[in-house]
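# Fold and contact review
Listed below, chain by chain, are the residues.
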Amino acid sequence: MPGKDLLLKTAGYFLQWRYPFRLLKIYEKWLAKRWPVPNLAQFSYTTTIREIRELYGQEKPVIWASFFFPSEFIHAASCKAFYPEIAGGLIAALGLAHYPFREADQNWFSRDLCSYHRLAVGMSLLRFFPRPAALLATTGICQGTVGFFKWLSLIWKVPCYIVDVPLQNSKDAVLYVARQLEEIASSLSRRLRITFAWEDVFHLSRKTGELIEELEAKRRKKEISFSPPTKNLEYLPYYYQFMGSETALAFFEKLLRESKGANKSSCAGKAEIIWLHLKPYFINQSLDSLLEEFGFEVLFEEFADVYKGEYNVERPFETLARKVLHSLRFMRADLRIKRTLAWLKGYGAQGVIHCNQWGCRQSQGMEFLLRRSLNAAGYPVLFLDGDHLDRNYFSLEQLKTRLQAFREMLG
Amino acid sequence: MVLGIDVGSRTTKAVLWDGKSILAFRIEPTGTNMKEKASQMIEAILKDCGLGSDKVDKMVATGYGRQQVDAAKRVSEISCQAKAIHFLFPKARTVIDIGGQDSKVILLGSEGKVLDFIMNDKCAAGTGRFLEMMAGVLEITLEDYGALFNLATEEVSLSSTCAVFAESELISLMAGGKRRESLARAVCFSVAERTVSLIERVGGQPPFVFTGGVAKNRGVLQALEKKLKTSLLVPPYPQITAALGACLLG
């Protein structure tokens, strides 16, 4: 429809105007006065407004990164971190995904590609995402990311740096990744005239990591739980994009404080499960209400498994290389099976739900191995077919039957 | 007295159970209004037996449209199938259920407990709907598949797994001079192949029981038996097993 296309193009044009976004600061000041001590929801809202201002206002260089590229690298350079895959979840939750999908479609991006990638490509073609100064990606956890970021580089005409992640976690692998990160840092320093300061960033990551550990210890003891069941998967920006910033630390402090005060819903009679992969963001309410209706309790989510190693200011690139190699736990079937079994034991869960993503060959490829190993250990597994962002590849009725049957099976 | 109603995507089935045996059952097309169809079926089956609704102690709903039924209990068709098949064939270990819009393989443990299950993905291939679409192209009825299967002399295979692609592949095979019976046989084998892949994925073991509307299709039954190299058990009325299971779970 030509009218709609013109509207989208105009919107894209205005989204690249940085100055109007900077006026959001007035609104932020008003919010700070209104909520001097914000609760978790108010904090999340004000964070979103500030992010929109800083990303679209381009007060600092915006650097895009793939999901497993350590955010500390970007925060240490005093740049704004933007994770297009994470932003994709938000776009889908807002019900706006069909516009970028249509744009990607029109530009020959196959529907068999990962919808996180297709959506970000569409958002870029529409110029709806904030303009990047550079792109950073790793080959972990999927090779599709390489092609995806190369495309983004062509669309935005900015440099793209790809870190090759070996499949083994060894001393040599750490040095190999660290060398690549150092080279990228050096190139970016010259190109964007930035310097890297690690101390504060690493301190914040360390403190945030301790809070996450405290939170998980309470979840293991079943002192707290998330409601609705997959709520924690909405907090991903704080586990990834904001890690190494004051925002993540403040968020987890609030989350822990509010969780302490919350009454843990009784687990009695509920099927306690571990959730693997992400979730369909576009049907949020339906999924959560179905999980609640059928009596599921999510005890832990795979993507809340963040790096817990040391942060060494003396050897920043080796530290971040270790964090990059942490993604092997998502990438390799043997490691994925081992840690899933550990969570099942540690959290006292009855089974696993794995929410497949259309086009995610990386996770679907290991479905059989995962199922076989977990079943052999006595744990039932449910694989939910579908897509996290594109409703065209999702059947709500099939989801209902599978969830209810799995619940009945768990007893 | 328990009334089990299975509101499927293509047909609705109702079974009236007195605690020992089936008093009556009905199978009718679901149509467009699931809620209304369920009410009509309940009314009709009670009329068949000359009973009033006050005689029904419990009503259990299952199937795609189970949420549309004002029942005391709603159970997934997977648990219902498992319960009914264990009741009918206590030694059965695997249920192959092919309905109008989906296919399922259910592994049974002792007492009819579901050990594991798998459903087809979003694609219609390997379901009753696929057979209907291909029957439309071949200009045959669903009942013809069985007879044509045995008349086929030539081995033809369909390579497409997508229902729409399979349709165009059939048309081009017809244009290439392939005989209708060979193509009907190829369609049955295509469904069987999809089903066997599900069975293998979930680790299905004999004895196998075949249920759902497609179990009445002699062509698919023979193709499955050839692929699995074993004979399949088929209940006398394979379409009503989920509704029977709903009664047994009531």
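One can find the structure itself at the top, above this paragraph.
Here is a short report on the structure shown in this document. Note that the structure is predicted; figures quoted are calculated from it, not measured. Every residue gets a number counted from 1 within its own chain, in the order that chain's sequence is written. Each chain gets a letter, beginning with A, and each ligand a number, beginning with 1, in the order they are written. Local features in this predicted model are restricted to residues of pLDDT 70 or higher, and side-chain atom pairs are both shown and tallied only at a pLDDT of 80 or more, whereas totals for entire chains, interfaces and linings draw on every residue. Heavy atoms from the whole structure form the basis of all side-chain values; hydrogens and water molecules are not counted.

## Remarks on the overall build of chain B
Stated formally: Strands are runs of DSSP state E lasting at least two residues, helices are runs of H or I lasting at least four, and both sets are numbered from the N terminus onward. Atoms considered for the radius of gyration are the C-alpha atoms alone. The globule rule reads 2.2 Å times the number of residues to the power 0.38. Here the term buried applies to any residue with accessible area under 20% of the maximum for its type, exposed to any over 50%, and partly exposed to those in between, with areas from a 1.4 Å probe on protein chains only. In what follows, a contact means two residues having at least one pair of non-hydrogen atoms within 4.5 Å. Every accessible area reported is derived by Shrake-Rupley at a probe size of 1.4 Å, with residue values counting cover from the shown protein chains alone. Counting rule applied: Lys, Arg positive; Asp, Glu negative; His and chain ends not counted. Every charge is mapped onto a representative atom, which is NZ of Lys, CZ of Arg, CG of Asp or CD of Glu.
A count of helical and extended segments in chain B gives eight helices and nine strands. Expected size for 250 residues packed as a compact globule is a radius of gyration near 18 Å; at 18 Å, chain B falls within 12% of this value. Reported as C-alpha extents along the three principal axes, the dimensions of chain B are approximately 60 × 35 × 30 Å. Taken across its 250 residues, chain B has 55% of its residues classed as buried. Relative to all contacts within chain B whose residues are 6 or more apart in sequence, the contacts with residues 24 or more apart total 65%. Per element, the accessible surface of chain B, about 10,900 Å² overall, is 50% carbon and sulfur. Here chain B carries 30 positive and 27 negative side-chain charges, and the mean point of each set is 4 Å from the other.

## Details of the nonpolar core
Threshold: Within this scheme, the nonpolar core is defined by two criteria: the residues are buried Ala, Val, Leu, Ile, Met, Phe, Trp, Tyr or Cys, and they are joined through side-chain atoms within 4.5 Å.
Formed by 151 residues in total, the largest nonpolar core has its most connected members in Phe73 and Leu403 of chain A. If we skip the residues at most four places from it in the chain, leucine 403 of chain A touches Leu287, Leu290, Leu291, Phe294, Phe296, Ile353, Leu382 and Leu384 of chain A. Counting 44 residues, the second-largest nonpolar core is a separate cluster that includes Leu138, Phe210, Val220 and Ala223 of chain B.

## A short note on the sheet that holds strand β2 (residues 80-82) of chain A
All names here are of chain A. This is how the line gets drawn: At least two DSSP bridges between two strands are required for those strands to pair. Axis definition: a line fit to C-alpha positions, over the contact stretch in the case of helices; interaxial angles, taken between N-to-C directions, run 0 to 180 degrees.
Spatially, the four strands line up as an open sheet ordered β2-β1-β3-β4, and their pairing is parallel. In this open sheet, the two edge strands, each paired with only one partner strand, are β2 and β4 (160-163). Pairs of neighbouring strands in the sheet enclose a mean axial angle of 25°, with direction left out of account. Two elements, strand β3 (residues 134-138) and β4, share four bridges in a ladder whose sense is parallel.

## Quick look at the pattern of salt bridges
Put simply, the rule reads: Basic side-chain nitrogens of Lys or Arg form a salt bridge, by our definition, when they fall within 4 Å of a carboxyl oxygen of Asp or Glu.
This model, assessed by the stated rule, comprises 43 salt bridges over all chains. With its nearest N and O atoms 2.8 Å apart, the salt bridge here joins aspartate 116 of chain B to arginine 371 of chain A. Taken together, the positions of aspartate 116 of chain B in strand β8 (residues 114-119) and arginine 371 of chain A in helix α19 (residues 367-376) put the pair across two chains. Owing to a relative accessible area of 9%, arginine 371 of chain A belongs among the buried residues under this scheme. One salt bridge connects glutamate 132 of chain B with arginine 10 of chain B, and the closest N-O pair in it is separated by 2.4 Å. Taken together, the positions of glutamate 132 of chain B in helix α3 (residues 128-138) and arginine 10 of chain B in the loop between β1 (2-7) and β2 (11-17) put the pair 122 residues apart, joining distant regions of the chain. Residues participating in the shared-partner salt-bridge network are Glu28, Arg50, Glu51, Arg53, Glu54, Glu59 and Lys80 of chain A.

## So, the pairing of strand β4 (residues 58-62) of chain B
All names here are of chain B. Burial runs high along β4: four of the five residues are buried. Summarising the sheet, β1 and β4 pair through five bridges and their orientation is parallel. Looking across to β4, one finds that aspartate 6 is bridged to threonine 62. Taken together, the two bridges between β4 and strand β5 (residues 73-74) define a ladder with parallel strand orientation. The residue of β5 that forms the bridge with alanine 61 is arginine 74.

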